[in-house]
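# Secondary and tertiary structure notes
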Amino acid sequence: MRKERIKMDESCLYKIQKAGVIGCGGAGFPTHVKLNCHPEYLIVNGMECEPLLATGRYVMRHYAPELIDALYKIGSEIGAEECIISLKETYEPEIAALEEAIAASGHEIGIKTVKSFYPAGDEQVVVYETTGNVVPYLDIPISAKSVVINLSTLLACYNAFLDEPFTHRLVTVAGAVKEPCVVYAPIGTSFCDCIALAGGPDRDMSELTIVSGGPMMGQLPGDDPKQMFVEKTTGGILLLPKETYKNEPLDLANIRKSARTSCIQCTNCTEMCPRHMLGHPLEPHKIMRVLAYNELSDVMDNPVIRSAALCSECGVCEVYACPMMLRPRSVNALIKKELAKAGYRHPKAAEPTVPHPMREDRKVPTSRLATRVGVGAYFGNLIDTLKIAEPDTVHVLAKQGIGAPTELRVKAGDVVSAGQLIAACPEGKMGSDVHAPFGGKVTEAGKYIVIER
Ligand code: SF4
Ligand code: SF4
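Residues numbered from 1 in each chain as written. Chains lettered and ligands numbered in written order. Predicted model: local features only at pLDDT ≥ 70, side-chain atom pairs only at ≥ 80, totals over all residues. Heavy atoms only, no water.

### Considerations on the site of ligand 1
- Not every one of the 14 residues close to ligand 1 is listed here, only the nearest: C273, C311, C314, G315 and C317.
- Secondary-structure elements contributing two or more residues to the shell around ligand 1 are α11 (274-277), α14 (316-321) and α15 (328-341). (Near = heavy atom within 4 Å. Helix = DSSP H or I, 4+ residues; strand = E, 2+ residues; numbered from the N terminus.)

### Regarding the state of the cysteines
- Tallied over the entire structure, the rule returns 0 disulfides.
- Sulfur of C83: no disulfide; nearest cysteine sulfur belongs to C12 and is 11 Å away.
- Overall, the relative accessible area of 9% leaves C83 in the buried class. (Disulfide = S-S within 2.5 Å. Buried < 20%, exposed > 50% of the residue type's maximum accessible area, 1.4 Å probe, protein only.)

### Focus: the nonpolar core
- Residues L35, L42, I74, I422 and I451 are the most contacted members of the largest nonpolar core, which totals 114 residues.
- Looking at this core element by element, the count peaks at 8 residues for helix α7 (residues 151-161).
- Sequence-distant contacts of I422, that is, excluding residues within four places in its chain, are made with V396, E407, L408, R409, V410, V416, V434, H435, A436, I449 and I451.
- Within the second largest apolar cluster, 24 residues are counted, among which are L296, I305, V331 and L339. (Core = buried A, V, L, I, M, F, W, Y, C linked by side-chain atoms within 4.5 Å. Contact = heavy atoms within 4.5 Å.)

### With respect to the sheet that holds strand β14 (residues 415-416)
- The strand order across the open sheet built from 4 strands is β12-β18-β17-β14, with neighbouring strands paired in antiparallel fashion. Looking at strand neighbours, the two that pair on one side only are β12 (393-397) and β14, the edges of this open sheet.
- Here strand β17 (residues 440-445) runs beside strand β18 (residues 448-452); their pairing, made up of 4 bridges, is antiparallel. Bridge assignment links V442 to a residue of β18, and that residue is I451. (Pairing = 2+ DSSP bridges.)

### A word on the site of ligand 2
- Around ligand 2 lies a shell of 13 residues, among which C263, C266, T267, C269 and C322 are the nearest.
- Put simply, the parts of the chain that give the shell around ligand 2 at least two residues each are α10 (268-272) and α12 (284-292).
- Counted by class, the shell around ligand 2 contains 9 nonpolar, 4 polar and no charged residues. (Nonpolar A, V, L, I, M, F, W, Y, C, P; charged D, E, K, R; others polar.)

### So, helix α6 (residues 123-131)
- Most of α6 is tucked away: 7 of the 9 residues are buried.
- By the burial criterion, the buried members of α6 are Q124, V125, V126, V127, E129, T130 and T131.
- Backbone geometry just after α6 places G132 at a positive phi near 85°.

Okay, here's the thing in structure tokens:
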């Protein structure tokens, strides 16, 4: 049974909450919580800076009027003084589509264009590029009078205003597939089904790495695409050749050994670091030096080691900057895990930092980055083919994104209808609801809620 319809006089944020909308471009923060503020700038992040991902660009080309409508509604409700869409100057068809939609709407919405560099889509970078304000390290954009929303999230908000829960999303399927495309998929669709819609792999799967997300910051969820499922935060499914893709994890012992034997302390990793360039006190070459000659457990209270907490894990240092193929990002990721285990929380900056005077010259061009990370062969083609996934079965993760564990609202054997609430955020907690993408029978209800059509 479909949940009760939301009344038209209910607020935008209430509708977004009831639809279970979470941030589609990152960790999945509940959107109604993020937007519950009064920013000077409401910024739409249209950068899509990871090579190969095409979902955001597809959304801008094909849903520009919906984006503008939703942006205006949200901006009006939260009292934003300016609504701005930030994207790359190379996205010409998208800029044209947005300009046409803005002109037709009559709304005052700005477009900000920047060069094509990585990581232009990092929230801290987006805020600086769009407003000139620097977000203090470890703080959130509202501290720089801004709130940033992803394109797919904004589209999900538009649907929420039509009382449609967040049950489907667009996913880029690219890399070593026969027909790269954007798939419109119910949440819970298997990666296997999405890859099949893209014509399947162009070689034996044993030669490929599956990446969920972009080649720089995506996750490596495993080897079996039948056991991986689209979540609300899944923006891309990439198949990348093992022999060229250079982002596989390493263990700490190996990283330390190579840091000792090969780190020439050239400081390239620091000089190219996007967070360092924003003025954040993060210097990965120093972290490498301390770790090369010490056991991590002995230096956990060293301020240099603790500064790893400021790392965004963008990967510029290890994929692009380091001439010795070392892994400063992986080092930082490991240190961050250990710091978290030890209960350490790095203090936030007391005030905004000042960007490095050379920042403009140290931006990493996306096309060169694509070659370095081993995906140059697939980079640069506009993906404009849409495929519709209609799986017979979905495995819907019962807790999507950040927040409290959800309470199951169904059990095995229940029959559900499309859009029905199947897992709910507990009253008074921060989190998000989950809904059935289609009607059918629940065959399992646990970590995953399995629904058969
Ligand atoms: S991954 Fe490397 S380049 Fe990126 S923020 Fe961390 S230290 Fe800086
Ligand atoms: S770029 Fe590589 S070699 Fe140079 S300091 Fe950083 S880790 Fe060491």
